[in-house]
Structures are given as structure tokens and as C-alpha cells.
Amino acid sequence: MKTKLRTDITVRDLCEGFVYNELEGKGLYGLSGKLTIQPEYQRNYIYADGKKDVAVIESVLNQYPLGLIYFNKTMDGRFEVLDGQQRITSLGRYVTDRFAVKIDNMEQYFSGLASDKQQLILNTPLLIYECEGAESEIKQWFRTINIAGVPLSDQELLNAVYSGPFVTLAKAEFSNSQNAMIQKWSAYIKGAVNRQEFLQCALDWVSHGKIEAYMSQHRYDNNICELKTYFNTVIDWITAVFTDVEREMCGLEWGRLYETYHNTPYNPTAVSQAVHRLMEDPYIQNRKGIFEYILGGEHDTRLLNVRVFDEATKKKVYRKQTEAAQRAGVSNCPLCAIGHEANRTRLWKLSEMDADHVSAWSRGGATTIENCQMLCRTHNHAKGNR
Ligand SMILES: [Zn+2]
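Basis of the calculations
- All chains use their own residue numbering, which begins from 1 and follows the written sequence.
- Reporting of local features is limited, given that this is a predicted model, to residues whose pLDDT is at least 70; pairs of side-chain atoms are given and counted only at 80 or more, and all residues count toward the totals for whole chains, interfaces and linings.
- The basis for every side-chain value is the complete set of non-hydrogen atoms in the structure, without hydrogens or water.
- A run of H or I in DSSP counts as a helix once it spans at least four residues, and a run of E counts as a strand once it spans at least two, with each numbered from the N terminus.
- Every case where a carboxyl oxygen of Asp or Glu lies within 4 Å of a side-chain nitrogen of Lys or Arg is listed as a salt bridge.
- Relative accessibility decides the category of a residue: with a 1.4 Å probe and only protein chains considered, values under 20% of the type maximum give buried, values over 50% give exposed, and everything between is partly exposed.
- Throughout, a contact is declared for two residues whenever any of their heavy atoms are within 4.5 Å.
- For Na, K and Ca the donor cut-off is 3.2 Å, and for all other metals it is 2.8 Å, counting N, O and S atoms only; because water is absent from this set, sites may look incomplete.
- Irregular is the default label, applied whenever a site is not tetrahedral (four donors, all angles between 85 and 135 degrees) and neither square planar nor octahedral (four or six donors, opposite donors over 155 degrees apart, all other angles between 65 and 115).
- Counted as a polar contact is a pair of N or O atoms within 3.5 Å, where, for protein atoms, one must be capable of donating a hydrogen and the other of accepting one, and residues adjacent in sequence contribute only when both atoms are in side chains.
- Axis definition: a line fitted to C-alpha atoms, limited for helices to the stretch in contact. Angles are taken between N-to-C directions and run from 0 to 180 degrees.
- Roughly parallel here means an angle under 35 degrees, roughly antiparallel means over 145, roughly perpendicular means 65 to 115, and every remaining angle is called oblique.
- In this count, Pro and Cys sit with the nonpolar residues alongside Ala, Val, Leu, Ile, Met, Phe, Trp and Tyr, while Asp, Glu, Lys and Arg are called charged and the others, Gly among them, polar.
- Note on pairing: two strands pair once DSSP finds at least 2 bridges between them.
- Here, nonpolar core means buried Ala, Val, Leu, Ile, Met, Phe, Trp, Tyr and Cys residues that are tied together by side-chain atoms lying within 4.5 Å of each other.

Asker: Explanation requested: unusual backbone geometry in the structure shown.
Answerer: Not every positive phi belongs to a glycine, and Ser 32 is a case in point at roughly 55°. For Ser 32, the position within the fold is in the loop between β3 (26–30) and β4 (35–36). Phi at His 208 takes a positive value of approximately 50°, unusual for a residue other than glycine.

Shown next, in the form of C-alpha cells:
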């Protein structure tokens, strides 16, 4: 890979012919049309938060270094921004009056600045590395450089490495904040559209967790039919089975749940009743587990992390049980006491016993002292597995 350091390009040159697409949140072109600011493999502009974009302008006004910017020189002699897209877009947006910066305690747009300040900004030279090399080389390198400010997310990196028609189409569907479906999807998927987290989820589902292999395999596809169909199938399945939308449904492993349970028939009315009953149960500590618990036929209570008896209750019950057992000359584990084994008269230590719901929680038994009994480890384990 050939590189060349350039110091002759100023903010003025860079912002000449700056084009910004408000709808997509992308800086598109600069340097009199010779520079593509947002190549396919670059992420969307995420500096427009009134802090990072302002910080870029303040740095220039204070003549602090902006850091290195990297351009990739393409075959036709044009340039693409490899690293520095966020900084360049901030500069372009400021110079074209898209946001204001507080200077001397006043919010000031570029056009309202004193002309010496305007010139100071425009005449600031930038440190630019021009790189020339094979696509694979450039991308490998892009993967390893550190993007100033916000590190690339895993999916942003994958989008860069596997850029092509597939990623372009997939981003248009799943990374587009203008997509009207995003709101519906947000009930089940956690994350930010512009950080590629919806796309990541869609890819995770269709590839059963093998995102990179899937992207590599489909890199040059001219359609995203499979991705889209699979994604919509999962969403449709969720909304058909669970007619209510609960906050706890957001971010669950819906792809895995779909794969595991989509061949099982469910009665949405009964499911809805179960969701309401369990959501109101004060003993359930993990509400996020309710949905899989229902899908699995309400057997695996481990998913719910049902509240256990506290130490004081266990000690109290242990003492009472042990005293009664000593009087009767039997084991303090009520199940050992009615057995025929050597443990029939054994007095277990507190540390050798576990607390158990006499009337099982899943059948309405409360986590109260009246419903608590101490069992030896073996019997408690056997009871838990029945
Ligand atoms: Zn026992």
C-alpha cells in the first residue's frame, strides 16, 4: 500500500462543493466533487449530537490538532474518506450553517462569525494521508485503524469489510431511520438503527449467529430476499403468539426462540392470560424469562428466577423441624424420616439442607414461612426435578 502525507489541503478546499444529505444523515461529497465522504463501507454520520460536532469546530478555532485524516485514492484518481468522515462532515455542516457553536457565550453560525474567525477556520490545513492499494489491503487496514471518538461497532466493521450490493440493500432496509417499520420492530429489538443494531439482529437471526460467514457468502447478492423474509417471519411469529407488547420483550433472543418453538401451536388467548398472570407474580424476579417459560409449556422455572426463602426464614424453619425430629427420634428431613434407608434417623446440619416450597410455586405456593420446609440436598434436588 502506498501512502503519502499531504498538508496542503485546507478546510476551505475540503468544504468546497460540500453536499450533505439530511434524510440519510450523510455527508456525501467535498473537495470540489473529487472526494466521496461517505463510501459504501462507511457508517452514517453520528456526530450531530451538539457535542462532538461542536467539539470539532472548537478544536479548529483553538487551533488544536484534529488528528489524521485518511483518504483512499481510487483508480480514477478520485478520493474516498477512509477515516475522518465524521470530522469532515462536521466541518462541512458548520461552514454551510447547519449548526451553531457557542463562541464568547453566543450561539454563532458560520455566516455570523467575524470574518477573521471565518478565515481562521477556512485556512486551517489538515493532515491527510493519501493511501493507494488493493481493496483488500485497504479494508484490512481500515479494520485495524482506530476511528477517533466513537469506535466502530462490530456490525459497522463487518459492513466495511463486506461492503457491496448486499450491504447497501440491507442498510437501506434495516439501518434506515426513515423506515416506518422501525417503531414496530423496536418493541422486540434493542439498539440504535444508525449504529447498525437492527441490521445486526436481522443477520443474526437468518444466519443463526454466524453473521460474518453469512455476509461473506452473500456479499455480491443483488437482493436481500432471504434476510428480509426470515426477519419478517420471526416478527410475524412473535406478534401472532404474543398479542400483548410488554417492555420485557425487547432484546430477547427471538431468533433462537423462533427456531426452537415455531412448530409448536399456541392459543394466543391462553398465552396472553399466562403473560398477565406471570407479570403480576411478585415472586418472579426475572420477568424477561416469562416468555420462554410460556413457550416451553411452563415447566422450566429456572427461567424465572423465582424468589427464594431468605436466611432468617430458613434458620427458623430448620430449628423448628430439627427440634420436632429430635423429640420423635427421626430425621429432620421429612422425606428421609418416612424412608427406609440409613438416613431415616439422620439429623442433617443446616448447611446440608435446602429450602423447599411445600406447595410448589408453579401451583400457586407462596414464598412465605408457612410454605417453607427444609429438605436434605438429595431430596430437595429430587423434588425440584419432578
Ligand atoms: Zn432427605
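Now that the structure is up, let's keep going.
Asker: Mind showing me how you'd approach the pattern of salt bridges here?
Answerer: Where side chains of opposite charge bring their charged atoms close, a pairing between them can arise. For the structure shown, the criterion picks out 15 salt bridges. Between Arg 6 and Glu 130 there is a salt bridge, and its shortest N-O distance comes to 2.7 Å. Residue Arg 6 is found in strand β1 (residues 2–6), and its partner Glu 130 is found in strand β9 (residues 128–132); the two are separated by 124 residues along the sequence. Each member of the pair Arg 6 and Glu 130 is classed as buried. Across the salt bridge formed by Arg 277 and Glu 298, the nearest N and O atoms sit 3.1 Å from each other. One end of the pair, Arg 277, is in helix α13 (residues 268–279); the other, Glu 298, is in the loop between α14 (290–295) and α15 (311–328), with 21 residues separating them in the sequence. With relative accessibility at 46%, the residue Arg 277 sits in the partly exposed group. Taken together, the shared-partner salt bridges in this structure form one network comprising Arg 6, Asp 8 and Glu 130.

Asker: I keep staring at the side chain of Thr 313 and nothing clicks. Help me out?
Answerer: Tracing the backbone through its elements, the reader meets Thr 313 in helix α15. Look at Thr 313 and you get buried, because its relative accessible area is 15%. Ignoring anything within four residues of it in the chain, the contact list for Thr 313 reads Ile 369 and Cys 372.

Asker: Would you explain the coordination of the zinc ion in this entry?
Answerer: Angles at a metal have ideal values that depend on geometry: 109.5 degrees with four tetrahedral donors, 90 or 180 degrees with six octahedral donors. The zinc ion binds to the protein through Cys 333 (SG), Cys 336 (SG), Cys 376 (SG) and His 379 (ND1), with metal-donor distances spanning 2.0 to 2.3 Å. Here the zinc ion is ringed by four donor atoms whose angles at the metal span 103 to 115°, and the overall shape comes out tetrahedral. Within one chain, the residues donating to the zinc ion are spaced in sequence as C-x2-C-x39-C-x2-H. One end of the pair, Cys 333, is in the loop between α15 and α16 (334–337); the other, His 379, is in helix α17 (residues 377–384), with 46 residues separating them in the sequence. With a relative accessible area of 0%, Cys 333 lands in the buried category.

Asker: How do you make sense of the environment of Asp 281 when you look at a structure like this?
Answerer: Mapped onto the elements, Asp 281 comes out in the loop between α13 and α14. For Asp 281, a relative accessible area of 17% corresponds to the buried category. Distance in space between the C-alpha atoms of Asp 281 and Arg 256 is 26 Å, their sequence separation being 25 residues. Other than its neighbours up to four places away in sequence, Asp 281 contacts Arg 287 and Trp 361. There is a polar contact of 2.8 Å between the side chain of Asp 281 and the backbone nitrogen of Tyr 283.

Asker: Hey, could you run me through the environment of Leu 91 in this one?
Answerer: Turning to its location among the elements, Leu 91 is positioned in helix α3 (residues 85–95). For Leu 91, a relative accessible area of 0% gives the class buried. Taking the C-alpha atoms as reference, Leu 91 lies 80 Å from Arg 346; in sequence the two are 255 residues apart.

Asker: Looking at this model, I keep getting lost on the packing of helix α11 (residues 225–241) against helix α12 (residues 254–261). Mind explaining?
Answerer: Angle between the axes and distance between the axes: these two values describe a pair of packed helices. Put simply, α11 and α12 touch, their axes get as near as 10 Å, and they point 75° apart. The pairing of α11 with α12 is recorded here as roughly perpendicular in orientation. Of the residues in α12, those touching α11 at Tyr 230, Thr 233, Val 234, Trp 237 and Ile 238 are Trp 254, Gly 255, Leu 257, Tyr 258, Glu 259 and Tyr 261. Considered class by class, the residues forming the contact of α11 with α12 number eight nonpolar, two polar and one charged.

Asker: Got a minute to help me understand the pairing of strand β6 (residues 79–83) in this structure?
Answerer: In terms of residue burial, β6 counts as a mostly covered element, since five of its five residues are buried. Inspection of the sheet shows strand β5 (residues 69–73) paired to β6 by four bridges, in the antiparallel sense. Bridging across to β6, Lys 73 finds its partner in Phe 79. The hairpin formed by β5 and β6 contains five residues between the paired strands, and Gly 77 there has a positive phi angle of roughly 85°.

Asker: What is the right way to read the nonpolar core from this model?
Answerer: Within soluble globular proteins, side chains that are nonpolar tend to cluster in buried spots. With 54 residues, the main nonpolar core has Trp 205, Leu 227, Trp 237, Phe 242 and Trp 254 as its most contacted residues. Top contributing element to this core by residue count: α11, with eight residues. In terms of nonpolar packing, the next biggest core, distinct from the first, is built from 34 residues, Leu 14, Leu 35, Leu 66 and Ile 128 among them.

In short, geometric facts, not functional conclusions.
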